[in-house]
Amino acid sequence: MESSPPVARPGGVVGILAFAGIVAALTQTLVVPLIAQLPTLFDTSASNASWVITATLLAAAVSTPVAGRLGDMYGKRRMLLVSLVPLVLGSVVCALSSSVLPMIAGRGLQGLGMGVVPLGISLLRDVVPAEKLGPSIAIMSASMGVGGALGLPFAAAIAENASWRVLFWVVAVLALAVGALIRLLVPADRPTTAAGGFDLPGAIGLGSALICLLLAVSKGADWGWGSTTTLALFAAALVLLPAWGWWELRLREPLVDLRVTARPQVLMTNAASILVGFAMYAQPLVVPQLLQLPEATGYGMGQSMLAMGLWMAPAGLMMMVMSPVGAKLSAAKGPKVTLAVGSLLIAASYGLSLPLIGSGSPWSLLVVALVCNSGVGFAYGAMPALIMGAVPSSETASANSFNALMRSIGTSFAAAVTGVVLARMTTDFGGFALASENGFRVAMLIGCGVGLAAAVVAALIPVRPATALPRPAATSDSDRDPGHAPDRKPGHAPDRKPGREPDRKPDADADSAPGVPEASGASTP
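We now turn to the structure provided with this report.

1. Some words on the side chain of serine 227
Here serine 227 lies in the loop between helix H10 (200–223) and helix H11 (228–250). A distance of 2.8 Å separates the side chain of serine 227 from the backbone oxygen of glycine 224, its partner in a polar contact.

2. Some thoughts on the nonpolar core
Judged by nonpolar contacts, the single largest core of 58 residues is most densely connected at Leu17, Leu80, Leu124, Ile182, Val256 and Leu405. Per-element accounting of this core gives the leading share, nine residues, to H10. Every residue in contact with leucine 405, bar those within four places of it in the chain, is listed here: Ala61, Pro65 and Leu210. Ranked by size, the runner-up nonpolar core spans 48 residues in total, among them Val286, Leu291, Leu365 and Ala414.

3. Points about the pattern of salt bridges
As enumerated under the stated definition, the model contains three salt bridges in all. For the salt bridge of arginine 69 with glutamate 253, the shortest nitrogen-to-oxygen distance reads 3.6 Å. Of the two residues, arginine 69 sits in helix H4 (residues 51–74) while glutamate 253 sits in the loop between H11 and helix H12 (258–261), which places them 184 residues apart along the sequence. Across this residue pair, the class does not change: arginine 69 and glutamate 253 are buried.

4. Examining a nonpolar patch on the surface
Together, Val32, Ile35 and Ile53 line one region of the surface with nonpolar side chains, adding up to about 210 Å² of accessible area. Mapped onto the fold, isoleucine 35 is located in the loop between helix H1 (10–29) and helix H2 (38–42). Judged by its relative accessible area of 39%, isoleucine 35 is partly exposed.

5. Brief notes about the environment of isoleucine 182
Considering the arrangement of structural elements, one finds isoleucine 182 in helix H9 (residues 165–185). Separated by 166 residues in sequence, isoleucine 182 and isoleucine 16 place their C-alpha atoms 6.9 Å apart. Setting aside its immediate chain neighbours within four residues, isoleucine 182 contacts Ile16, Arg77, Leu80, Leu81 and Leu84.

6. Focus on the pairing of strand E1 (residues 426–429)
Judged from the four bridges that link them, E1 and strand E2 (residues 432–435) form a sheet pairing that is antiparallel. Paired with threonine 426 across the strands is alanine 435, a residue of E2. Hairpin connection of E1 to E2: two residues between the antiparallel strands, including glycine 430 at a positive phi of 60°.

7. Here's the deal with the packing of aromatic side chains
Taken as a whole and judged by the stated rule, the model has four aromatic pairs. Here phenylalanine 42 and tryptophan 164 contribute two aromatic rings whose centre-to-centre distance is 5.6 Å and whose plane-to-plane angle is 80°, an arrangement assigned as edge-to-face. Of this pair, phenylalanine 42 sits in helix H2 while tryptophan 164 sits in the loop between helix H8 (133–161) and H9, placing them 122 residues apart in sequence. Side by side, phenylalanine 42 and tryptophan 164 carry an identical accessibility label, which is buried. With 4.9 Å between their ring centres and 85° between their planes, tryptophan 311 and tryptophan 363 make a pair best called edge-to-face. Remark: tryptophan 363 occurs in helix H16 (residues 362–388) and tryptophan 311 occurs in helix H14 (residues 305–333); sequence separation between them is 52 residues. On the basis of relative accessible area, tryptophan 363 is assigned to the exposed category, the value being 57%. Here the aromatic residues Phe42, Trp164 and Phe168 are joined through ring pairs into a cluster of three or more.

Reading the values: the criteria
- Note that residues are indexed from 1 along each chain, following the sequence as it is written.
- For a predicted model such as this one, the threshold for reporting local features is a pLDDT of at least 70, and the threshold for listing and counting side-chain atom pairs is 80 or more; totals across whole chains, interfaces and linings nevertheless cover every residue.
- Calculated side-chain values reflect all of the structure's heavy atoms, with hydrogen atoms and water omitted.
- What counts as a helix is a DSSP run of H or I of at least four residues, what counts as a strand is a run of E of at least two, and both are numbered from the N terminus.
- What qualifies as a polar contact is a pair of N or O atoms within 3.5 Å, subject to a donor-acceptor requirement within protein and to the restriction that residues adjacent in sequence count only when both atoms come from side chains.
- Within this scheme, the nonpolar core is defined by two criteria: the residues are buried Ala, Val, Leu, Ile, Met, Phe, Trp, Tyr or Cys, and they are joined through side-chain atoms within 4.5 Å.
- Residue burial is assigned from relative accessible area. The probe radius is 1.4 Å, only protein chains are included, and a residue is buried under 20% of its type maximum, exposed over 50%, and partly exposed in between.
- Whether two residues are in contact is decided by their heavy atoms: any pair within 4.5 Å suffices.
- In what follows, salt bridge is the name for a side-chain nitrogen of Lys or Arg lying within 4 Å of a carboxyl oxygen of Asp or Glu.
- Patches in this entry comprise residues that are over 30% relatively accessible and not in a salt bridge; like charges within 9 Å are linked, as are nonpolar side chains (Val, Leu, Ile, Met, Phe, Trp, Tyr) within 5 Å.
- Only the protein chains shown count as cover for residues, and the accessible areas themselves come from Shrake-Rupley with a 1.4 Å probe.
- Pairing between strands is defined by DSSP: at least two bridges between the two strands are required.
- Working definition: a ring pair exists when centres of Phe, Tyr or Trp rings (six-membered ring for Trp) sit within 6.5 Å. Plane angles under 30 degrees give stacked, over 60 give edge-to-face, the rest tilted.

That's the geometry; what it means functionally is another story.
Put into structure tokens, the structure is as follows:
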């Protein structure tokens with residue numbers, strides 16, 4: 001049995017878990033300054049080098065729902081520690097790589113550790129007092145922005161002044177430090193009430209469908225959107241996803257409980273998450289390019305990679321600054337309102353960018369990024385709160401991981417759509433085709449429209465009325481969540497035929513998370 005560490009202060013626990021989120025986000029932005037150098041470093045083509053990014057995306061998409069389900073079955077803290085293992089190993093493999101194949105493999109291993117953030121958010125429900133849960137979720141969610149903010153200038157500075165291998169050694173050391181802190185200072189979560197074995201066919205089915213979908217989306221521009229390979233991958237995804245859904249609905253303990261996911265509050269929050277993921281990603285795709293394009297274009301700022309990272313850093317930190325504001329808004333009006341306000345701020349930032357794109361001043365783009373990331377901070381803190389307010393505690397990690405997957409799908413489609421727009425709307429500059437000023441404006445307009453759509457969906461979320469949950473310290477059967485069966489060892493569910501779904505109480509087990517307020521006057525689905 002896993003031993004529990006000494007009880008730590010809630011603030012210390014939140015700080016450690018936020019540090020874990022920062023390291024995970026840092027891993028994702030680490031290779032951005034190296035992209036242009038990778039073909040030379042590894043003597044390969046630009047197309048092959050791009051797999052260094054694609055491998056992380058695919059591995060993260062496949063592993064995040066799996067890590068969530070395993071967290072519900074075997075403990076979120078335990079799975080947090082397990083998720084850090086491939087993060088460390090992948091960093092070491094990348095640091096030692098002398099060719100592109102081991103580099104891609106290492107980045108894939110790093111992607112397997114991206115379940116750290118949703119697992120950390122889910123663990124908060126068990127180890128943080130009820131009155132501190134809302135602000136803690138907001139801080140943990142904002143850690144992703146901080147990691148991205150620090151990652152760009154840090155990676156650019158290392159790449160310009162030292163060996164690129166140092167980047168990966170630093171991440172390996174940081175991930176080891178996170179693991180040690182979690183092992184020593186973060187208390188174990190409540191005993192799991194999740195029953196049943198692990199749904200391996202469901203994991204394989206969802207992973208296969210996601211690989212087909214995201215591979216087609218991320219590589220469609222390189223392969224051609226009408227190419228046989230791209231169309232075949234889209235077709236395979238369209239076949240695999242319904243088949244996976246059919247399989248999940250046959251099981252009592254599936255990888256992702258689609259009956260819970262279909263509850264209006266969860267369903268609408270996940271839909272809003274896709275839109276928010278799309279809307280927020282247009283800004284980090286457009287603004288860095290505008291900062292680095294030559295001034296002679298008439299709209300570029302002529303900044304170096306390092307200077308670009310430094311200009312972008314305050315915007316990432318803004319997520320952390322705004323997280324307590326968003327938590328207070330959620331406490332007063334409910335996370336549904338916070339999500340809608342955040343989406344409106346994202347849309348407003350893109351509207352603000354339209355007259356500022358051709359200003360020639362980096363300060364104008366900094367204002368755009370600050371407003372956008374303020375909205376992202378609001379939205380990212382509200383979405384987990386909405387999810388945890390509608391799912392039973394035994395499915396917290398799985399539901400949060402699935403929500404994180406929805407955001408990832410949104411960002412993937414944003415990258416594809418923005419890439420197509422900028423590739424089609426070009427201007428000639430010294431014999432080279434560069435994205436035109438109008439192309440950037442169209443990309444921002446699309447982000448604005450999707451942000452408005454996210455606000456509309458958020459406003460329509462039917463929020464469940466809050467119900468009390470036991471305090472995190474509860475350990476006896478009588479203190480656990482009402483409506484849940486006594487603890488069973490994972491993998492030892494009662495015998496039953498997989499084709500039959502036993503009767504359930506449709507909503508009785510959907511306890512709201514403690515300390516996560518809901519909007520007053522909301523209807524019950």
